[in-house]
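# Coordinate inspection notes
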Amino acid sequence: MKNGLMLRLSALAMIASGAVQAADLGAVDEPIKLAINEWTGQHVTTHVAAEMLRSAGYEVEFVTAGMLNQFQAIADGDIHATLEIWSSNVSDQYAVLKGEGKLEELSDLGLNAREGIAYPAHVADLCPGLPAWEALKDCAMNFATAETLPMGRLVDYPADWGTPGADRMTGLELPFKAVPAGSEGALIAELRASTEKKSPLLITFWQPHWAMSAYDVKFVDLPPGEEACFNDPAWGPNPNAINDCDFSASRIFKAGWPGLKDKWPAAHEILVNYQLAVEDQQPMMGAVDVDGESVEKVVAAWMSENEGKWKPVVDAATN
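First things first, this report covers the structure right here in the doc. Being a predicted model, the structure only gives us computed values, none of them experimental. (Residues numbered from 1 in each chain as written. Predicted model: local features only at pLDDT ≥ 70, side-chain atom pairs only at ≥ 80, totals over all residues. Heavy atoms only, no water.)

### Details of helix α11 (residues 278-289)
The cut-off we apply is this: Counting from the N terminus, the helices are DSSP H or I runs at least four residues long and the strands are E runs at least two residues long. By this rule, a helix spans an expected 1.5 Å times one less than how many residues it contains. Think of it in three bands: residues with accessible area under 20% of the maximum for their type are buried, residues over 50% are exposed, and the middle band is partly exposed, with areas taken using a 1.4 Å probe on protein chains only. In what follows, a contact means two residues having at least one pair of non-hydrogen atoms within 4.5 Å.
Given a rise of 1.5 Å per residue, twelve residues ought to cover 16 Å, and the 16 Å separating the end C-alpha atoms of α11 matches this to within 8%. Among the residues of α11, those classed as buried are V278, D280, Q281, M284, M285, G286, A287 and V288. On its buried face, α11 is in contact with α2 (40-55), β3 (81-86), α12 (295-305) and α13 (307-318).

Structure (structure tokens):
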């Protein structure tokens, strides 16, 4: 968030001094295609970027794409940018394509993030010892369902997002079966039902997300997510497995088609310098998921009320 503020202040200073040399708009008669992934926060992030590009004079199209399978489409030029990649969930293909020069990493988005194994606050009464992860060894049966007996149930991310929860249950030898949620909405439905019924729930979740405060969600304390944990079985409490630790610190960043810079120079500059803070994204997510507003309406209102946060970036690239 601090970096985002510095970017905005720098842009304002350059505009005021006349030091900015505007980039060419490029092929304004051809649409810039932005990836739409599976979660509300990404929709908000992408629609804000789209409105910034449109204000600069570009045409924008949205392309629905799975988080893990979007990268080849970007390398092929069928999608031109994706704006909310979480480092903890990125596929191996991303690194390969980036290394081959078929993807360009644009910059960090500026969101402060965390992922982990989580539970609604009331679950601590059903599993004494939480938030310590060891407590889950003794109370797994409290989380069991007909689908998972004799193991407890962990509601994991949707299958398209990878298997981070399952990986940790295996690595830490916890007696839980990971069941993928069907969607982000299904994860929220689990949190809502557990909170209303005071029923047991263990879930893979993340922040920023409006549900973290709406349902008083807590993270399980796992061993630190150090790099050695993911490569060296000898590291951590289980000497025979990797992933016996928490998620690594999440970095959220943007990537694009390598031809973006040449075809739409000003758009490239806008997307590189685009930043979005947690305190801006999270309320917009809540307005969509809780209040039932459309992403388009919520983003339009935010853009109108917060020109000082995004317009200097557009002006610096185009004026």
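Having seen it, we continue.
### A look at the packing of α12 against α13
Rule in force here: Between N-to-C directions, angles span 0 to 180 degrees; the directions come from axes that are lines fitted to C-alpha atoms, helices contributing only their stretch in contact. Note on angle classes: values under 35 degrees are labelled roughly parallel, values over 145 roughly antiparallel, values of 65 to 115 roughly perpendicular, and the remainder oblique. Each residue is assigned to one class: nonpolar for Ala, Val, Leu, Ile, Met, Phe, Trp, Tyr, Cys and Pro, charged for Asp, Glu, Lys and Arg, and polar for all the others, Gly among them.
For the pair α12 and α13, the least separation of the axes is 6 Å and the interaxial angle reads 80°. It follows from the interaxial angle that α12 and α13 lie roughly perpendicular. Where α12 approaches α13, its residues W302, M303, S304 and E305 are matched on the opposing element by E307, K309 and W310. Broken down by class, the residue content of the contact of α12 with α13 amounts to three nonpolar, one polar and three charged.

### Quick look at the sheet that holds strand β7 (residues 176-180)
How we decide: We treat two strands as partners when DSSP finds at least two bridges between them.
Read across the sheet, five strands follow the order β7-β6-β8-β5-β9 without closing on themselves; strand pairing throughout is mixed. Of all strands in the sheet, those with a lone pairing partner are β7 and β9 (217-219), marking the two edges. Pairs of neighbouring strands in the sheet enclose a mean axial angle of 40°, with direction left out of account. Sheet topology places strand β5 (residues 114-120) next to β9; three bridges connect them, and they run antiparallel. Within β9, the position partnered with Y119 by the bridge is K218. Sitting on the sheet, helix α6 (residues 164-171) touches β5, β6 (152-156), β7 and β8 (202-207), and the angle it makes with β6 is about 145°. The sheet contacts of helix α7 (residues 184-197) involve β5, β6, β8 and β9, and relative to β8 the element is tilted by about 115°.

Honestly, that's just the spatial picture; any functional story needs more than this.
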